[in-house]
Amino acid sequence: MDLSIVIVNWNTQALLRECLQSLCRDGSSQNWEIWVVDNASEDGSIEMVRAEFPQIHLIVNEENVGFARATNQALAQATGRFCLLLNPDTVVPTGTLDRLLGFMRKTPDAGIVGCGQVYPNGMWQTTCHREITLVREAIIAFGLSRIFRTMVDYCGHPGEGSVPRQVDWVEGGALLIRTHVLRSIGPLDESFFMYAEDADLCLRARRANFQVYYLPDVQIIHHRGQATGFEERRRRQKRVNTDMLLALHRSKAKYFYKHYGDLHFRIYGLLVRIYSLRKLSMGWMAYLSKRIEPDDWRNLSRAYLSLLKASLLKR
């Protein structure tokens, strides 16, 4: 088997259908297998996959076990020489995966590869990043990302380069990895319920001398945020999902504690407090200047107050 595609789904029936349709069109004559792991969806996703895609391997969980654990359930049974972690809210144009696999085959040091991702309207997404460090997180916490953008992320838009490049980590929304790399470094760390498991995987791969590459000229469509509850970041008035916000920062805290120890974890906790206070202040000023609706302001305030008071790591 050449490729095993692993999709973790949670209540995204319509988008999952569109994703699977794109994969089946592209891979109908390929030596591929597709695994869908459903984390206790209640929107008919399970019934849809069984009825419309009987050829796909389906794993049904009775509870939401998180992204990493669900992914590992499929990886333990996958038979492909390469494994693709793919979000259910994506559409994969025909030929995209062949290009990714072709790059892997001709680049022996490539252990992990990510690709460009765009919204349905063509807006570019930044999906390859610098390593998660205290300097990077301080830049984000103090709102300096636009000034020091290259210290946070790579490739802000397609015009910044079209050739493959080595990066620190690529997002798990579309992450291709060699199976023997997984055997060497181990599967996803299941202590990460959601978020940062991709950064952790890429860091472990690089420490084992496998390179992480990003291919900006190979692109998929990614609705982004539909699988977790976040909406597009670029919307003027966005709703903040408190649970997902807490999950993101708890995962980063766990990442610091795992790889750099207690001191880095504690400093990151301070940066999260600074970040929360900055967001609350910005929300308050936006509300006073009537640039944000009262409901949106209350939503933002609840979310960042929760983050400000949250315990980031249960040890």
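Please read these numbers as outputs of a predicted model, since none were measured by experiment.

Thresholds applied
Residues numbered from 1 in each chain as written. Predicted model: local features only at pLDDT ≥ 70, side-chain atom pairs only at ≥ 80, totals over all residues. Heavy atoms only, no water. Helix = DSSP H or I, 4+ residues; strand = E, 2+ residues; numbered from the N terminus. Buried < 20%, exposed > 50% of the residue type's maximum accessible area, 1.4 Å probe, protein only. Contact = heavy atoms within 4.5 Å. Areas by Shrake-Rupley, 256 points an atom, 1.4 Å probe, with all protein chains shown as cover. Lys, Arg positive; Asp, Glu negative; His and termini not counted. Charge placed at Lys NZ, Arg CZ, Asp CG, Glu CD. Phe/Tyr/Trp six-rings, centres within 6.5 Å; stacked < 30°, edge-to-face > 60°. Core = buried A, V, L, I, M, F, W, Y, C linked by side-chain atoms within 4.5 Å. Expected span 1.5 Å × (residues − 1). Polar contact = N/O pair within 3.5 Å; in protein donor to acceptor, adjacent residues only side chain to side chain.

1. Regarding the overall build of the chain
Argument step 1. Per the secondary structure count, the chain includes ten helices and twelve strands.
Argument step 2. Projected onto its principal axes, the C-alpha coordinates of the chain cover approximately 60 × 45 × 40 Å.
Argument step 3. Out of the 315 residues in the chain, the part that is buried amounts to 54%.
Argument step 4. Pairs at least 24 apart in sequence give 77% of the contacts found in the chain among residues at least 6 apart.
Argument step 5. Accessible area of the chain: about 14,700 Å², with a carbon and sulfur share of 52%.
Argument step 6. Of the side chains in the chain, 40 bear a positive and 33 a negative charge, and the two mean positions are spaced by 8 Å.

2. Details of the packing of aromatic side chains
Where two aromatic rings form a pair, the distance of their centres and the angle of their planes describe that pair.
Argument step 1. One pass over the structure, following the stated rule, counts ten aromatic pairs.
Argument step 2. On the basis of an interplanar angle of 45 degrees and a centroid distance of 6.2 Å, the ring pair of Phe256 and Tyr260 is categorised as tilted. Of the two residues, Phe256 and Tyr260 are both situated in helix α8 (residues 242–260); the distance of four residues between them amounts to about one turn of the helix.
Argument step 3. Seen from their ring centres, Trp284 and Trp297 are 5.5 Å apart, and the 50 degrees between their planes marks the pair as tilted. Of this pair, Trp284 sits in helix α9 (residues 262–288) while Trp297 sits in helix α10 (residues 294–309), placing them 13 residues apart in sequence.
Argument step 4. For Trp284, a relative accessible area of 43% puts it in the partly exposed group.
Argument step 5. An aromatic cluster is built from Tyr255, Phe256, Tyr260 and Tyr268, whose rings are joined through pairwise contacts.

3. A word on the nonpolar core
Argument step 1. Formed by 59 residues in total, the largest nonpolar core has its most connected members in Ile112, Val170, Leu175, Ile177, Leu201, Tyr304 and Leu307.
Argument step 2. Broken down by element, this core gets its largest block of residues, six residues, from α9.
Argument step 3. What Ile112 contacts, discounting residues up to four positions off in sequence, is Met104, Val170, Leu175, Leu176, Ile177, Leu201, Cys202, Ala205, Gln211, Val212 and Tyr213.
Argument step 4. In this structure, Val49, Leu100, Cys115 and Tyr213 belong to the second largest nonpolar core, which totals 32 residues.

4. Considering α8
Argument step 1. With 19 residues, α8 should reach 27 Å at 1.5 Å per residue; the first-to-last C-alpha distance of 27 Å fits that figure.
Argument step 2. Of the surrounding elements, those touching the buried residues of α8 are α5 (134–141), α7 (197–207), α9 and α10.
Argument step 3. Backbone nitrogen of Asp243 and a side-chain oxygen of the N-cap are separated by 3.1 Å at the start of α8; the cap is Asn241.
Argument step 4. After α8 finishes, the residue Gly261 shows a positive phi value of roughly 95 degrees.

5. Quick word on unusual backbone geometry
Argument step 1. In this structure, Asn11 is a non-glycine residue whose phi angle is positive, near 60 degrees.
Argument step 2. In this fold, Asn11 is placed in the loop between β1 (3–9) and α1 (13–27).
Argument step 3. By relative accessible area, which is 30% here, Asn11 ends up partly exposed.
Argument step 4. Positive phi is not limited to glycine here, since Ala40 has a value of about 60 degrees.
Argument step 5. By the secondary structure assignment, Ala40 is in the loop between β2 (32–39) and α2 (45–52).

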